There are 2 protein chains.
Amino acid sequence: MNMEEKLVNSKTIYDGKVIKVIKDKVICPNGNESYREIIKHNGGAAVLCINELEEVLLIKQYRYAYNEILYEIPAGKLEKDEDPYNAALRELEEETAFKAKELIKLGSIYPTCGYSSEIIHLFLAKDCKITKTNFDDDEFIISEFIPLNKVKDMIKNGIIKDAKTICAISYYELNK
Amino acid sequence: MNMEEKLVNSKTIYDGKVIKVIKDKVICPNGNESYREIIKHNGGAAVLCINELEEVLLIKQYRYAYNEILYEIPAGKLEKDEDPYNAALRELEEETAFKAKELIKLGSIYPTCGYSSEIIHLFLAKDCKITKTNFDDDEFIISEFIPLNKVKDMIKNGIIKDAKTICAISYYELNK
């Protein structure tokens, strides 16, 4: 069964700092024409940092799109063509007080397959050392270690809602 | 610690079929001005359908944003102000041959907290009956039941990459 769609023409709607919006005219497998509104995004990298007590490093951060303060694992955007491993190391250090000696790849998730090209690369950091914080100018972040079992309860109870954080914990559990 | 950002002004960049793009000027907690590029999205609903053999109903669908065929649980967009429960029932029936008698809420995830307001509501369907398929005009979907243990391996091995699917399995496991 052929499921692919063929591009007819592409129009850039907006070319911003974080996202690029395009509207593509496509031919569907049945020959019909349709339009696809797509966000182009460089992708992201996120780090699950778990200490020797099996506590998870979570950050609390205000997220404008939801007008809420969310619990998340440290994460950030990739620069164009940036290696996700390097971005994960940098974001962990920028957003928390911790520097990882090494990261292990957990997986790559597709968060919004309907309308965005974003891929988030997930890593596990185990051997973390404290360093100084170095926040971005417009980031205001609180970080804390929370026991893994409590984190799982927080997912179950809807306190943690961030998809990359839930997926990272899921990969960690599946690899146990 | 005050982490909220205050809106100064909002500009609509694009008002499309699926997404609306806005660029907001905000005041950060430290008094600095910044811009937020945000996608406004009605949200989605997705259904984890597991049969009596503990097999998971997965669909294979071409996703234009990634130019890939992805494994996912059945899901779809909400109409404006639509009840996620009703949307979940509808999408399950439209995308697969199955109709659920009842759905149980698993959780609501925030897939892209950096730049989109989308929330995906996840439900569990247990008592499903086959009905006729009723695909959208431009959707081409294959559905199949896959044993839960194999689905977990597919997540671990990177064959399943869709975040809502990984999160739904995670909620199911946490509620066991």
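Residues numbered from 1 in each chain as written. Chains lettered and ligands numbered in written order. Predicted model: local features only at pLDDT ≥ 70, side-chain atom pairs only at ≥ 80, totals over all residues. Heavy atoms only, no water.

### Things to note about the packing of helix α2 (residues 148-156) of chain B against helix α3 (residues 163-174) of chain B
Residue and element names in this part refer to chain B.
- At their nearest, the axes of α2 and α3 sit 11 Å apart, and the two run at 130 degrees to each other. By the angle between their directions, the pair α2 and α3 is classed as oblique. Pair α2 / α3 crosses with left-handed handedness. Taken together, the residues of α3 that come into contact with α2 (itself represented by Leu148, Val151, Lys152 and Ile155) are Ile166, Ile169, Tyr172 and Glu173.
- Taken together, the residues of the contact of α2 with α3 break down into six nonpolar, no polar and two charged. (Axes fitted to C-alpha atoms, helices over the stretch in contact; angles between N-to-C directions. Helix = DSSP H or I, 4+ residues; strand = E, 2+ residues; numbered from the N terminus. Parallel < 35°, antiparallel > 145°, perpendicular 65-115°, else oblique. Left-handed = near helix turned anticlockwise from the far one by under 90°. Contact = heavy atoms within 4.5 Å. Nonpolar A, V, L, I, M, F, W, Y, C, P; charged D, E, K, R; others polar.)

### Side note on unusual backbone geometry
All names here are of chain B.
- For Glu54, which is not glycine, the phi dihedral falls at a positive 55 degrees.
- Structurally, Glu54 can be placed in the loop between β4 (44-49) and β5 (55-63).
- Overall, Glu54 belongs to the partly exposed group, its relative accessible area being 30%.
- Despite not being glycine, Asp81 shows a phi value in the positive range, around 60 degrees.
- Residue position: Asp81 is located in the loop between β7 (75-77) and α1 (84-95). (Buried < 20%, exposed > 50% of the residue type's maximum accessible area, 1.4 Å probe, protein only.)

### Concerning the environment of Cys49 of chain A
- Within the element layout of this structure, Cys49 of chain A appears in strand β4 (residues 44-49).
- In sequence terms Cys49 of chain A and Phe140 of chain A are 91 residues apart; their C-alpha atoms lie 19 Å from each other.

Interpretation in functional terms is not warranted from these geometric data alone.
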